[in-house]
Amino acid sequence: DRVRVVAPDVGGAFGARSSLGPEELVVAWLAHALRAAVGWSASRAEEFTAGPHGRGARLSGELSLDAAGRFLELRARMSFPLGAWLPFSAVVPARNAARILPGPYRVARIDVHARADASSAAPVTIYRGAGRPEAALLMERLVERAARAAAIDPVELRRRNLVPADAMPWPLPGGDALDSGDYDAALRRACDTFGYDAERRAQARRRAAGELVGIGLALYVEPCGQGWESARVTLEVDGSVRVDSGSSAQGQGRETSYAAIAAEALGCPPASVSVVHGDTDRCPDGIGALASRGTAIGGSAVLVAAREAAARRAAGEAPPIVASSRYEAPAEAWSYGCVIARMSIDADTGRPTVERVVWADDAGRVVSPALVEGQLLGGLAQGLGQALLERIVYDDEGQLLTGSLMDYAVPRADDLPEIELVSLSTPTPANALGARGVGEAGCIGVPAALLNAAADALAPFGEPDLDFPLTAERLWRSLNATSTTPR
C-alpha cells in the first residue's frame, strides 16, 4: 500500500508480458537504491536474442473411427519447449493443449500425454492462444486425414462427431466443461457463406487445368478465462458516471466496452461515462487482461456494479452513489468457431497464396462489434504469420540467425487475403454479461485451416507431412518429394 503502480496502455502484449523479467526487478531496485528515475528498454536485437519466444511444440497423434465414421479414440503426444529458464507462464501451453483436447468433438476414449522440456534457447512463454492453437492443429489435422482415409467429406465427418448443442454443458476428459454453444451452426454458417459445394466444384475444375488448389477447414474452441475481477461505479451529482476497473488494458478498447456496459445498465449515453484502469491508487484490485477474459469477467464486474448503482438510484438514494463489485465467474466461458480457407500453391516455386478466408465465430454477447472485428482481424494476421512466415532459427552452435526483421518475416498488409467474418453472438450462461472471449481466436482456428488447405492442395500427389511455417521452399520440397503424377 506504500507503492503506486500506474500502467497505462502499453500497446500489444499477446501473452509475452505475462511473466516478470529479471530486468524489471533490477529497474525497481535501482530506482530505490539511487533515489532516481530509472528506465530500461531492450533493443529489437536484444528482444530477438533474449526475449521470450512462443510456440515450438511437436505434435503427433492417432484418431480411430468406426464404420459409421464416429470417433472412437484419440491418442495425442505433445512435446513443448521451455527454453533455458522458466518464465512464470512457461508450462501453460502444455496444460491448455492437454485440457482442451478433443476440442468440439465427441470422442469415446482419449489418451493424451503432454510434456515440457528445457532447451538451450531463449525462454518460451505464452503467446496469443497459449496451447489452444496446438490442440486445434493436432485435432483438425487428424480429422482431415481421417476424412480422406474413410472417403468421407471433411464437413460431413465433422458434423457426425460434433458435440450437439442440446448436450451442453459437455464434460471434457481433463475435468473442464464446454459451457454452451452450437458448433454445428457455426460449421453450417461458415459453409453456407463460403459456398462450400460450389467451391469444391471450382476446385475440381482448377485441378483438372493443372492448378494446385486446396480447401482447409478448422473448428476450434477457446477457453476464455476463469476467476474474478472488480469494478467500482460512481454516479455523480451532475449525471456523469465514472467506472474504476481492476482489469488492466493493453489496447483492447476496454474504455469503449466498459463505458457501453455501464451506460446500458444506467440508462445514460456512453459519452457520459469515463473509465479508469491501470492505477493502484484509483482502481480496485484485479487480476488483469489475459486469457481473453477482460470483457467476460471484467465487463461482468462493471455490469453488476452499474446495476447496483441503478437500483439504489431507483430506490430514491441521491447521488453521489458509489457501488462496488467483486465478480467471480461461476464457470469458464468457451468461444468457438469455424474457419475455411482456400489456398493455391505455385507448382514451380511452391509459393502459397491464401485466396480466401471465411470465418464464423461465436463470441457470445457482443458489446462492441467494431472492437470484436478488430480483435478477429488482428488475430487472423498473427495466425497467418505463424502459419506461413514466422520462424526463429539457430545454427548448430546455438547462434541466432533470425536476429532482426531482415531475417524474420512478419505479415504485411499484402499478405492478408479476402476475409469474410460471420458473427453468431450466442450469449453464454458462464458469466453475468453473457460474453465469450475473442482475443485469441485468430491464432487458434486460422493456422489449422491454412495447414489443412496446404495439405489438401498437395493431396493429389500424396499425404504430405507439413511443418510450420509453410514457406515456399518447404511446400516446393514437399511437392517434389512425392510422386509427380496426381493420384
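Quick notes on the rules
- Residues numbered from 1 in each chain as written.
- Predicted model: local features only at pLDDT ≥ 70, side-chain atom pairs only at ≥ 80, totals over all residues.
- Heavy atoms only, no water.
- Helix = DSSP H or I, 4+ residues; strand = E, 2+ residues; numbered from the N terminus.
- Rg over C-alpha atoms; globule rule 2.2 N^0.38 Å.
- Buried < 20%, exposed > 50% of the residue type's maximum accessible area, 1.4 Å probe, protein only.
- Contact = heavy atoms within 4.5 Å.
- Patch = residues over 30% accessible without salt bridge, like charges linked within 9 Å, V, L, I, M, F, W, Y side chains within 5 Å.
- Areas by Shrake-Rupley, 256 points an atom, 1.4 Å probe, with all protein chains shown as cover.
- Salt bridge = Lys/Arg side-chain N within 4 Å of Asp/Glu carboxyl O.
- Lys, Arg positive; Asp, Glu negative; His and termini not counted.
- Charge placed at Lys NZ, Arg CZ, Asp CG, Glu CD.
- Pairing = 2+ DSSP bridges.
- Expected span 1.5 Å × (residues − 1).
- Axes fitted to C-alpha atoms, helices over the stretch in contact; angles between N-to-C directions.
- Parallel < 35°, antiparallel > 145°, perpendicular 65-115°, else oblique.
- Left-handed = near helix turned anticlockwise from the far one by under 90°.
- Nonpolar A, V, L, I, M, F, W, Y, C, P; charged D, E, K, R; others polar.
- Polar contact = N/O pair within 3.5 Å; in protein donor to acceptor, adjacent residues only side chain to side chain.
- Right-handed = clockwise from strand over helix to strand, strands pointing away.

Novice: Would you mind showing me how to read the overall build of the protein here?
Specialist: Counting its secondary structure elements, the protein contains 12 helices and 13 strands. Radius of gyration (C-alpha) of the protein: 24 Å, near the 23 Å computed for a compact globule of 487 residues. Each of the three principal axes of the protein carries a C-alpha extent, and together these read 80 × 55 × 40 Å. For the protein, the proportion of its 487 residues judged to be buried stands at 49%. Within the protein, residue pairs in contact and separated by at least 24 positions form 77% of the contacts whose partners lie at least 6 positions apart.

Novice: How should a negative patch on the surface be read in this particular structure?
Specialist: On the surface, Glu23, Glu24, Glu46 and Glu47 cluster together into a patch of negative charge. At the level of elements, helix H1 (22-34) and helix H2 (44-50) are the ones that each hand at least two residues to the negative patch. The residue Glu46 is located in helix H2 in this model. By relative accessible area, Glu46 is classed as partly exposed at 45%.

Novice: For this particular structure, what's the right way to read the pairing of strand S7 (residues 228-235)?
Specialist: Each regular strand displays side chains that alternate between the two surfaces of the sheet. Within S7, seven of the eight residues are buried, which leaves the element mostly enclosed by the surrounding structure. Of the strand pairs in this sheet, S7 and strand S10 (residues 321-328) are connected by eight bridges, and their pairing is antiparallel. Counted as the bridge partner of Trp228 is Glu328 from S10. Here S7 pairs with strand S8 (residues 241-245) via five bridges, running antiparallel.

Novice: So what exactly am I meant to see when it comes to helix H9 (residues 294-314) here?
Specialist: Helical geometry: 3.6 residues make up each α-helical turn, so side chains three or four residues apart lie on a common side. With 21 residues, H9 should cover 30 Å at 1.5 Å per step; its first-to-last C-alpha distance of 29 Å lies within 8% of that length. Immediately beyond the C-terminal end of H9, within one or two residues, lies Gly316, with a positive phi of roughly 105 degrees.

Novice: Please clarify how the packing of helix H10 (residues 369-388) against helix H11 (residues 441-458) should be interpreted in this entry.
Specialist: To describe two helices that pack against each other, one gives the angle between their axes and the distance between the axes. At a closest axis distance of 7 Å, the pairing of H10 and H11 adopts a crossing angle of 45 degrees. Here H10 is positioned oblique relative to H11, judged by the angle of their axes. Seen along the crossing, H10 lies across H11 with a hand that is right-handed. Contacts from Leu376, Gly379, Leu380, Gln382, Gly383, Leu384, Gln386, Ala387 and Leu388 of H10 reach H11 at Ala441, Gly442, Cys443, Val446, Pro447 and Leu450. Considered class by class, the residues forming the contact of H10 with H11 number 10 nonpolar, five polar and no charged.

Novice: What am I meant to see in the sheet that holds strand S13 (residues 418-423) here?
Specialist: The strands that make up a sheet are held in pairs by hydrogen bonds between backbone atoms, and each pair lies either parallel or antiparallel. What the four strands build is an open sheet, ordered S6-S11-S12-S13; its pairing is mixed. With partners counted over all chains shown, the strands left at the sheet margins are strand S6 (212-223) and S13, one partner each. Averaged over all adjacent pairs, the angle separating strand axes in this sheet is 15 degrees, with direction ignored. Sitting on the sheet, helix H6 (residues 183-194) touches S6, strand S11 (334-345), strand S12 (352-362) and S13, and the angle it makes with S11 is about 30 degrees. Of the strands in this sheet, S6, S11 and S12 are in contact with helix H7 (residues 196-208), which crosses S6 at around 145 degrees.

Novice: Can you walk me through the side chain of Glu390 in this structure?
Specialist: Looking at the secondary structure, you find Glu390 in the loop between H10 and S13. For Glu390, the side chain forms a polar contact with the side chain of Tyr408, separated by 2.6 Å. Look past the residues within four positions of Glu390 in its chain and what remains in contact with it is Gln382, Gly385, Tyr408, Ala409, Val410, Pro411 and Pro469.

Novice: Can you help me understand the environment of Ala218 in this one?
Specialist: Position of Ala218 among the secondary structure elements: in strand S6. With 81 residues separating them in the primary sequence, Ala218 and Leu137 have C-alpha atoms 8.2 Å apart. In contact with Ala218, not counting residues within four places along its chain, are Glu140, Gly337, Cys338, Val339, Gly445, Ala448 and Ala449.

Novice: Even after reading the chapter, I still don't get H7, so can you show me in this structure?
Specialist: For H7, spanning 13 residues, the distance from its first C-alpha to its last is 18 Å, which sits close to the expected 18 Å at 1.5 Å a residue. If you follow the buried residues of H7, they end up packed against helix H5 (154-161), H6, S6, S11, S12 and H11. Within two residues after H7, Gly210 carries a phi angle of roughly 100 degrees, on the positive side.

Novice: Sorry if this is basic, but what is going on with the pattern of salt bridges here?
Specialist: Opposite charge on two side chains makes pairing possible when the charged atoms of those side chains draw close. Tallying each qualifying case throughout the model produces 40 salt bridges. The salt bridge involving Arg242 is made with Asp244; its shortest N-O contact spans 2.7 Å. With a closest N to O distance of 3.5 Å, Asp414 and Arg412 form a salt bridge. Residue Arg412 is classed as exposed on the basis of its relative accessible area, which comes to 56%. Several salt bridges share partner residues, and in doing so they unite Arg141, Arg145, Arg148, Arg200, Arg207, Asp456, Glu463 and Asp465 into one network.

Novice: Got a minute to help me understand the pairing of strand S9 (residues 273-276) in this structure?
Specialist: Relative to S9, S8 runs parallel, the two sharing four bridges. Within S9, the position partnered with Arg242 by the bridge is Ser274. Between the parallel pair S8 and S9, the chain is carried across by helix H8 (residues 254-266), and the sense of this crossover is right-handed.

Novice: Honestly, the side chain of Asn161 in this entry has me stumped. Any pointers?
Specialist: Here Asn161 is to be found in helix H5. A relative accessible area of 2% places Asn161 in the buried class. For Asn161, the side chain forms a polar contact with the main-chain nitrogen of Phe71, separated by 2.7 Å. Every residue in contact with Asn161, bar those within four places of it in the chain, is listed here: Gly69, Arg70, Phe71, Pro104, Tyr105 and Arg106.

Novice: Just to check I follow, could you spell out the sheet that holds strand S2 (residues 71-83) for this structure?
Specialist: The three strands are arranged S1-S2-S3 in an open sheet whose pairing can be described as mixed. Of all strands in the sheet, those with a lone pairing partner are strand S1 (58-65) and strand S3 (109-118), marking the two edges. For this sheet the average axis-to-axis angle between neighbouring strands, irrespective of direction, equals 5 degrees. With eight bridges joining them, S1 and S2 adopt antiparallel strand pairing. Bridge pairing in S2 links Ser60 to Arg77. Against the sheet, helix H3 (residues 92-100) touches S2 and S3, its axis set at about 175 degrees to S2. Packing of helix H4 (residues 132-150) onto the sheet brings it into contact with S1 and S2, and relative to S1 it is tilted by some 40 degrees.

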